[in-house]
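In case you want the letters, here they are:
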Amino acid sequence: MRRKEREVTDQQKLSEIIEACHCCRVGFACEGQVYIVPVNFGYVCEDGNYTLYFHGAGEGRKMELVRENPVAGFEMDTGYELKTAASACGYSAYFQSITGQGRVSIVNDMEEKRKGLCAVMKHETGKADWEFQEKMLDAVCVWKLEVSGLTGKEHVQ
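Residues numbered from 1 in each chain as written. Predicted model: local features only at pLDDT ≥ 70, side-chain atom pairs only at ≥ 80, totals over all residues. Heavy atoms only, no water.

Asks: Looking at this structure, how should I read the overall build of the chain?
Replies: A tally of regular secondary structure across the chain gives four helices and eight strands. Order of helices (α) and strands (β) in the chain, N terminus to C terminus: β-α-β-β-β-β-α-β-β-α-α-β. In terms of overall dimensions, the chain has C-alpha extents of about 60 × 40 × 25 Å along its principal axes. Relative to its full complement of 157 residues, the chain shows a buried share of 39%. Restricting the contact set of the chain to residue pairs at least 6 apart, pairs at least 24 apart contribute 71%. Element-wise, carbon and sulfur atoms account for 48% of the exposed surface of the chain, whose accessible area totals about 9,200 Å². Distance from the positive charge centre (19 side chains) to the negative charge centre (24 side chains) of the chain: 5 Å. (Helix = DSSP H or I, 4+ residues; strand = E, 2+ residues; numbered from the N terminus. Buried < 20%, exposed > 50% of the residue type's maximum accessible area, 1.4 Å probe, protein only. Contact = heavy atoms within 4.5 Å. Areas by Shrake-Rupley, 256 points an atom, 1.4 Å probe, with all protein chains shown as cover. Lys, Arg positive; Asp, Glu negative; His and termini not counted. Charge placed at Lys NZ, Arg CZ, Asp CG, Glu CD.)

Here it is in structure tokens:
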């Protein structure tokens, strides 16, 4: 990272930034092009290892790419604020962001599917104890990104 003073390495701080983000942009490589899609998400951090969970339809370009290529990148950010100045070169931005990569896969195990959906709902609502009907679990597709590397960065006031 070029601006080392902006790098975030503290595990607690990284989790706080992830918690503050509510849109994760996931990028897939496909035939020499990049496909990026914004998605809501939930996450689990176990022993310092993050797993991001997502849900949606089991069909479409995004799911084709999850099935075709097990590697994806992601980005999430929060707290954007323009820092103004008297000259153009003095402008900057305040922000916090997380970028990374990992392996993507579809979750087929029903218990992990519940775990993933609970993680999404907890992240979005703050409530952790959700129940899901079997027919709903069968109808929704849950996929995950097991993070193999991530970088945190911030420029705050």
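This is not the end of the story, as more comes after the structure.
Asks: Help me understand unusual backbone geometry in this model?
Replies: A negative phi holds for most residues other than glycine; trans holds for most peptide bonds. We note that glutamate 31 has phi near 50 degrees; this positive angle belongs to a residue other than glycine. Checked against the element boundaries, glutamate 31 lands in the loop between β2 (24-30) and β3 (33-39). A positive phi angle is found at aspartate 47, which is not glycine, with a value near 55 degrees.

Asks: So what exactly am I meant to see when it comes to the side chain of lysine 113 here?
Replies: The topology assignment puts lysine 113 in helix α3 (residues 110-125). This buried residue, lysine 113, is left without a salt bridge; aspartate 138 holds the nearest opposite charge, at 5.5 Å. Within polar-contact distance, the side chain of lysine 113 engages the backbone oxygen of valine 140 at 2.8 Å. The contact partners of lysine 113, leaving out residues within four places of it in the chain, are Val107, Leu137, Asp138, Val140 and Val142. (Salt bridge = Lys/Arg side-chain N within 4 Å of Asp/Glu carboxyl O. Polar contact = N/O pair within 3.5 Å; in protein donor to acceptor, adjacent residues only side chain to side chain.)

Asks: Even after reading the chapter, I still don't get the nonpolar core, so can you show me in this structure?
Replies: Where a protein is soluble and globular, its nonpolar side chains tend to be buried together. Within the largest apolar cluster, 28 residues are counted, with the highest numbers of intra-cluster contacts made by Val26 and Leu52. When contributions to this core are tallied by element, the ones reaching two or more residues are α1 (11-20), β2, β3, β5 (49-56), α2 (61-68), β6 (71-83), β7 (92-107) and β8 (141-155). In terms of nonpolar packing, the next biggest core, distinct from the first, is built from nine residues, Val44, Ala119, Leu137 and Val140 among them. (Core = buried A, V, L, I, M, F, W, Y, C linked by side-chain atoms within 4.5 Å.)

Asks: In this structure, what is going on with α1? I would like to understand it.
Replies: Helical periodicity: at 3.6 residues per turn, an α-helix aligns residues three or four positions apart in one direction. Three or more residues of α1 are buried, namely Leu14, Ser15, Ile17 and Ile18. Taken end-on, α1 shows its buried residues confined to a sector of 160 degrees, consistent with a single buried face. Capping the start of α1 is the job of one residue whose side-chain oxygen sits 3.2 Å from the backbone nitrogen of glutamine 12: aspartate 10. (Arc of directions from axis to C-beta.)

Asks: Can you walk me through the pairing of β6 in this structure?
Replies: Each regular strand displays side chains that alternate between the two surfaces of the sheet. Bridging between β2 and β6 involves three bridges; their strand directions are antiparallel. Counterpart to glycine 27 in the pairing with β6 is glycine 73. One ladder, built from eleven bridges, connects β6 with β7; its direction is antiparallel. If you follow glutamate 81 over to β7, its bridge partner there is tyrosine 94. (Pairing = 2+ DSSP bridges.)

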